[in-house]
Amino acid sequence: MGAPWNQRAARRARRLERLAPLTRGRQIAAADIIAALEAAIEPGDRVCLEGNNQKQADFLAGSLADCSPERLHDLHMVQSVLALPAHIDVFERGIANRLDFSFSGPQANRLARLVEERRIAIGAIHTYLELFGRYFVDLTPDVCLIAAQAADADGNLYLGPNTEDTPAIVEATAFRHGIVIAQVNEKLDRLPRVDIPADWTDAFVVAPRPNYIEPLFTRDPAQITEIQVLMAMMAIKGIYAEYGVQRLNHGIGFDTAAIELLLPTYAESLGLRGKICSHWALNPHPTLIPAIEAGFVESVHSFGSEVGMENYVAARSDVFFTGHDGSMRSNRAFCQTAGLYACDMFIGSTLQIDLAGNSSTATLGRIAGFGGAPNMGSDARGRRHASPAWLRAGRERAGDAIATRGQKLVVQTVETFREHMAPAFVERLDAWQLMEDMGMELPPIMIHGDDVTHIVTEEGIANLLLCRSAAEREQAIRGVAGYTPVGRARDARMVENLRDRGVIRRPEDIGIDKRDATRDLLAARSIKDLVRASGGLYDPPRRFRNW
Amino acid sequence: MSRLQRHSWFEADARARIAGLVDADSFRELCGPHERLTSPHLAVLDLPVAFDDGVVVGEATLDGRPVLVGAQQGEFNGGAVGEIHGAKLRGLFERARRTRPAAVLLAIDSGGVRLHEANAGLIAISELMRALLAARADGIPVYGLIGGSCGAFGGMGIVARLCDALVMSEEGRLGLSGPEVIETVKGVDEFDSKDRALVWRVTGGKLRRSLGDATTLVDDDIAAFRDAARSLLARPVPARDLAALDADQFALAQRAARHADARDGLDVWRALGLPDPTAIPMLDAADFNRLLAPLSPTEAA
Amino acid sequence: MERFTLSLPSAPCARADAAAALCGVVSSGNLEILVDRGSMADRCDIEVNTSAHGFRDTWEAVLTDAIARHAAGGLALAINDAGATPAVVSLRLDQALEALEDRA
């Protein structure tokens, strides 16, 4: 009678046996990839496809979608991001029918349609760190299809600057007897550095084209408006300076890009260099270049790289995490952890906020998820080490009671109206309607109101930590909601009272003259300015150039 | 505070460009917004109008000498020329023949004819071309300045080349059909309009300066445009006789033959013998002009 | 286009009889404001032409608050709007009216 405790190892051995004829050493020929996938994967498998936020195992994704549904079916996809059309094709073609994921921005409409047509079962939407955690508990992949920069003949992998999710995925898969297949851009005799050892991988294929990477974190300064400059000034003087925010994460957007570009100018003029923004959990935003060059930034750890920033990062190895080979090292799992526990503030934008401060980017007809925002935008109850900002926020929240803990600053920055005069402040989030339409168990809320500490709009800053009741919180939010229906329904007397107490602060209360809020305050006003600020090291992707 | 010292021409609106171009406080606007000469065609289409129909015209001085100035508002309908807009510019040139300024300065920022206005727009731009040529024939120099987001395309691309000389920044572009139109009609292999670096290597200020379409290349700085305008004003009125025309024609024929196979600014720069063509887009104006200086003079120099 | 006019009470502007200013450009999400001499010293006459329909009461609220911030009596404002948000409208109004105050 065979030992019943090595089933997984036995299954792995059978998969490798089927794969063996299609490999030369560890290498699969590109022409054989479909056959290889059909050999290594079994129906009903849990498959992790590296659809990251930025880099995509696009050759493997397209090949998986081209597999025969007779051979491969009922797959359960676990992946961070559905970015490519092929990611949805695997469902439409009957190869997969179940999904656990984190973000699907580019494919959100198609995903919603699949749900409406009942052709997909969504397990859950997760935040990144949550999904990675489940890879080690109840969502361990049987096969993972990953993207790396290079492999050597032994099967060691070099991930290069854009590491993202790969280490987390591979560790979970490899050590539960799963199969690890990588697409690489090139095969080298000797890797610049070994990021994934050959003992953890099974096979690789050299893809016909380099894997696609989306330049998600590049924002053209030319598009930053005066209103965004005003809000950035308020954030810097009213929050960063007030609390002494030294360690932070910026959610990507033009609002935070404006803050980054105001550091060498406005923040410098306030004497804040060295007092704020020294340590970052952040991708290498091109808009951070002037602040780095001006000496604001001591360290940056990143989730992934950013297209065009590789040489700049390598040349600023005092600031960024780089390997002995000189190239950047990033890691989404560790950067998300840093954002949760080691940062004192998260600030980002959103599409809708309700009267409790709940914030969501969920809109009707789309199932998108939130990526890392729910993690970054949450208070970390497990945190124990103190910092001035954390302690102060905790004391503000405790009020007259004795504070037993601090609190992470979670700031939402949003203009009161979006395009087409859509109000950002609403009585009821679209998330509730989406929940009904899509049969979800909970409304898709990105950041919960009880985690939000401050809201910044063009009308001012609302400090929710200082609110003593739900009614005060509601009026504090109405008091910065401008001319939206929510804002105009404010109780004017209560709002004035909140302003007297400093719960609401208008620009003039913070000592800001709105006439100073012009684009002249930006340290760079174009992509070209950023290239110049980097001394020519930043090499922007084609779509961002105008010279 | 490391605030940027330059005042960007690209970012400035029409009145800010004029204010920085001419002598301080010397600009007096004609047919200004208070007269509310708005487009009847846009109104019929129920579209927003502008009180100045997207162009600012008037008189000023430069180095104390009288000039007439026109500046298009690129942000309004892509700077496109409609009936009123075109009439204001035509009127500017007709005024030039009466008042005989030292020059007419035209800050161009336009995609060409305002299609909403159909024939009225076409007629307007044709009349403007005629009036410009008449002013030149009458001995009034006309100088164009291109550095805005719309560049000079379509009918305004033609207008630009009717000027005696052109000042361009690298951000400026000059062409006839727009890049998107070329791609739509001829396909992406012919011209990938999303390859912005390519678009600028084919229509941008540095390439135009290299071919001699532009006389002067400046940085994206209002003060630099002003200095270039002053230099043009200081030189003698360009010759307009048959000999000058024949010389222009000869130079253009030579140029067409020399660069017959060029598909990219890189090919042009290689043919001109410039070192390291791929690095040229990153040079600032001063370094680029130094690079160009030793070459045989281009026809507009 | 939606078009309407308002007349709001306001403290007299010191420079009303020399009033002439233009602020902003008519592009998507933006607006232009023309300031002229008005008819009554203690009122500000405002004419709004906007491409966004159904927001008259929002306009009235924004304009009322802006006029209250400044001495705009004796002025006439004419607005061409291409879908600017209240934040942008308030900003331009402040810019236009402060330009007059600076000249005083």
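Our structure's up above, just so we're on the same page.
Residues numbered from 1 in each chain as written. Chains lettered and ligands numbered in written order. Predicted model: local features only at pLDDT ≥ 70, side-chain atom pairs only at ≥ 80, totals over all residues. Heavy atoms only, no water.

**Quick notes on a nonpolar patch on the surface**
All names here are of chain B. Operational definition: Like-charged residues within 9 Å of one another, or nonpolar side chains (Val, Leu, Ile, Met, Phe, Trp, Tyr) within 5 Å, are grouped into patches, provided each residue has over 30% relative accessible area and no salt bridge. Areas reported here follow the Shrake-Rupley algorithm with a probe of radius 1.4 Å; residue values treat only the protein chains shown as occluding. In what follows, salt bridge is the name for a side-chain nitrogen of Lys or Arg lying within 4 Å of a carboxyl oxygen of Asp or Glu. Numbering of helices and strands runs from the N terminus, with a helix taken as a DSSP run of H or I at least four residues long and a strand as a DSSP run of E at least two residues long. Note on classification: 1.4 Å probe, protein chains only; a residue is buried when its accessible area is under 20% of the maximum for its type, exposed when over 50%, partly exposed between these limits.
A surface patch of nonpolar side chains, amounting to about 270 Å² of accessible area, comprises Val 44, Leu 45 and Leu 47. Locating Val 44 in the fold gives a position in helix α2 (residues 40-44). Look at Val 44 and you get exposed, because its relative accessible area is 71%.

**Re the pairing of strand β17 (residues 409-413) of chain A**
All names here are of chain A. Counted only if it meets this: In short, DSSP must find at least two bridges between two strands for them to pair.
Taking burial as the measure, the 5 residues of β17 include 5 buried ones, the bulk of the element. Residues Leu 409, Val 411 and Thr 413 point to one face of β17 and Val 410 and Gln 412 to the other, with burial holding for every one of them. Alignment of strand β14 (residues 345-348) against β17, held across 4 bridges, turns out to be parallel. Note on β17: the bridge partner recorded for Gly 348 is Gln 412. Sheet topology places β17 next to strand β18 (residues 454-457); 3 bridges connect them, and they run parallel.

**Quick look at the sheet that holds β14(A)**
Residues and elements named next belong to chain A. Ordered in space as β13-β12-β11-β14-β17-β18-β19-β20, the 8 strands form an open sheet in which the pairing is mixed. Strands at the two margins of the open sheet, each flanked by one partner only, are β13 (299-301) and β20 (504-505). With 2 bridges joining them, strand β19 (residues 460-463) and β20 adopt antiparallel strand pairing. From the neighbouring strand, Ala 462 faces β20, where its bridge partner is Ile 504.

**Things to note about empty space enclosed by the protein**
To be explicit about the condition: A pocket here means an open set of points on a 1 Å grid, computed over the protein atoms alone, that has protein on both sides within 12 Å along at least five of seven lines. A cavity is instead a set of points where a 1.4 Å probe fits but cannot get out; residues with an atom within 4 Å of a point line either one. Grid points are joined across faces, edges and corners, and a volume is the space filled by probe spheres set on the points. Here the term charged refers only to Asp, Glu, Lys and Arg, the term nonpolar to Ala, Val, Leu, Ile, Met, Phe, Trp, Tyr, Cys and Pro, and the term polar to all other amino acids, Gly among them.
All told, the structure shown has 5 cavities of 30 Å³ or more when counted by the stated rule. Lining the largest cavity we find 13 residues, and of these A:Met421, C:Trp59, C:Ala84, C:Pro86 and C:Val89 sit closest to its centre. For the lining of the largest cavity, the secondary structure elements donating two or more residues are α1 (56-69) and α2 (86-103) of chain C. Take the lining of the largest cavity: its biggest share by element is 3 residues, from α1(C). Partitioned by chemical class, the residues of the lining of the largest cavity number 8 nonpolar, 4 polar and 1 charged.

**Digging into the interface of chain A and chain C**
The cut-off we apply is this: Contacts are assigned to residue pairs that have any heavy atoms within 4.5 Å of one another. Joining two parts hides part of their accessible area as seen by a 1.4 Å probe, and the buried area is that hidden amount summed over both. Polar contact criterion, stated in full: a pair of N or O atoms within 3.5 Å, where within protein one must be able to donate a hydrogen and the other to accept it, and residues adjacent in sequence count only if both atoms are side-chain atoms.
Taken together, the contacts link 10 residues of chain A with 18 residues of chain C. Buried surface at the junction of chain A and chain C, both sides included, amounts to about 1,300 Å², of which 60% is carbon and sulfur. Where chain A meets chain C, there are 3 salt bridges. For A:Arg488, the salt bridge is made with C:Asp57, and the minimal N-O distance between the two is 3.6 Å. The interface formed by chain A and chain C includes 4 residue pairs in polar contact (both at pLDDT 80 or more). The residue inventory of the side of chain A that touches chain C, partitioned by class, reads 4 nonpolar, no polar and 6 charged.

**Points about the pattern of salt bridges**
Considering all chains together, one arrives at 78 salt bridges over all chains under this definition. Between A:Arg525 and A:Asp520 there is a salt bridge, with its nearest N and O atoms 2.8 Å apart. Residue A:Arg525 is classed as buried on the basis of its relative accessible area, which comes to 7%. Under the relative-accessibility criterion, A:Asp520 is labelled partly exposed at 33%. The partner of B:Asp23 in a salt bridge is B:Arg226, and the shortest N-O contact between them spans 3.5 Å. Here B:Asp23, found in the loop between α1 (14-21) and β1 (28-30), pairs with B:Arg226, found in helix α9 (residues 222-234); they are 203 residues apart in sequence, far enough to count as distant. Given a relative accessible area of 14%, B:Asp23 falls into the buried group. It is possible to trace a salt-bridge network through shared partners that takes in A:Arg8, A:Arg11, A:Arg15, A:Arg18, A:Glu42, A:Asp45 and A:Asp142.

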